[in-house]
Amino acid sequence: MPSLYVWAGGAEALARLTERFYERVRADALLGPVFERMSAAHPTHVAHFLGEVLGGPPRYSGERGGHPEMVRHHLGRHLTEAQRRRWTELLLDCADEVKLPEDPEFRSAFVAYVEWGSRLAVINSREGVSVDLEAPMPVWGWGVPGGPYRPG
Ligand code: HEM
């Protein structure tokens, strides 16, 4: 059974996704200001993080500081539901644009993770939130469909 990472097209596909995504984020009226101080390496870091979550190599844990590092980046940012919605909408638009697999099984798992992760990012960004920095890196699977699309 391929991982979601392999099915998505691996490191190269995720790098294409985040490069295009943060280009569009920068140009977006609602999200541009939120990301105005992100580093040039931000898209690469997020591609590594996503790759690890989707069952690829643990590059974000190995090179960047793992799950706690990601959580720390969202602390105190007071992200809103409107910003979260735009973030997920743009990411899914970019998944189409850079041609991630379109099969129902992959997209169902991908959307589920994006919905889960983005809602946690908003919760972690609130004032006075108590976060579990020990929480492990999630590794997403295929969920109820159980595996990739098979024609016929
Ligand atoms: C599945 C959902 C999400 C994932 C996987 C994710 C992942 C990440 C990661 C890995 C970083 C740290 C990058 C680094 O190490 O340099 C980060 C930073 C950040 N994220 Fe997220 N994020 C998610 C959702 C969101 C949402 C919904 C927003 C806002 C609407 C957001 C806003 C930010 C901001 C502002 C930063 C810091 C950027 C900077 O360095 O200036 N994130 N995110």
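Residues numbered from 1 in each chain as written. Predicted model: local features only at pLDDT ≥ 70, side-chain atom pairs only at ≥ 80, totals over all residues. Heavy atoms only, no water.

A. Local environment of the UniProt feature "binding site: heme" (unreviewed entry) in the chain. Per the UniProt record, the feature "binding site: heme" (unreviewed entry) sits at His45. Here His45 is to be found in helix α3 (residues 42-53). Excluding residues that lie within four positions of it along the chain, His45 makes contacts with Tyr60 and Arg64. (UniProt positions renumbered as here; feature names shortened; annotations may be inferred. Helix = DSSP H or I, 4+ residues; strand = E, 2+ residues; numbered from the N terminus. Contact = heavy atoms within 4.5 Å.)

B. A look at the coordination of the iron atom of the ligand. Donor atoms from the protein around the iron atom of the ligand number only one, His74 (NE2), found at 2.1 Å. Along the chain, His74 falls in helix α5 (residues 66-74). (Donors = N, O, S within 2.8 Å, 3.2 Å for Na, K, Ca; no water.)

C. Region of the structure containing the pattern of salt bridges. Using the criterion set out here, one finds 13 salt bridges in the structure. Linking Glu23 and Arg20 is a salt bridge whose minimum nitrogen-to-oxygen distance equals 2.6 Å. Placement of the pair is Glu23 and Arg20 together in helix α2 (residues 10-26), with a separation of three residues, close to one helical turn. Since its relative accessible area comes to 47%, Glu23 is described here as partly exposed. Close ionic contact of Arg119 with Glu115 constitutes a salt bridge, the shortest N to O distance being 2.7 Å. Remark: Glu115 and Arg119 occur in helix α7 (residues 104-124); sequence separation between them is four residues, near one turn of the helix. Judged by its relative accessible area of 29%, Glu115 is partly exposed. Overlapping salt bridges, with partners in common, bring together Arg20, Glu23, Arg24, Asp93 and Glu97 in one network. (Salt bridge = Lys/Arg side-chain N within 4 Å of Asp/Glu carboxyl O. Buried < 20%, exposed > 50% of the residue type's maximum accessible area, 1.4 Å probe, protein only.)

D. Summary view of the site of the ligand. As a structural note, the neighbourhood of the ligand is formed by 22 residues, with Phe35, His45, Tyr60, Arg64 and His74 the closest of them. Interatomic distance of 2.6 Å between a side-chain N/O atom of Arg64 and an oxygen atom of the ligand. Taken atom by atom, the bulk of the ligand overlaps the largest pocket. (Near = heavy atom within 4 Å. Polar contact = N/O pair within 3.5 Å; in protein donor to acceptor, adjacent residues only side chain to side chain. 1 Å grid on protein atoms, 1.4 Å probe; cavity = no way out; pocket = protein on both sides within 12 Å on 5 of 7 lines; lining within 4 Å. Sits in = over half its atoms within 2 Å of the grid points.)

E. Broad picture of a nonpolar patch on the surface. Residues Trp116, Leu120 and Ile123 make up a contiguous nonpolar surface patch of about 240 Å² in total accessible area. The exposure class of Leu120 is partly exposed, given its relative accessible area of 31%. (Patch = residues over 30% accessible without salt bridge, like charges linked within 9 Å, V, L, I, M, F, W, Y side chains within 5 Å. Areas by Shrake-Rupley, 256 points an atom, 1.4 Å probe, with all protein chains shown as cover.)

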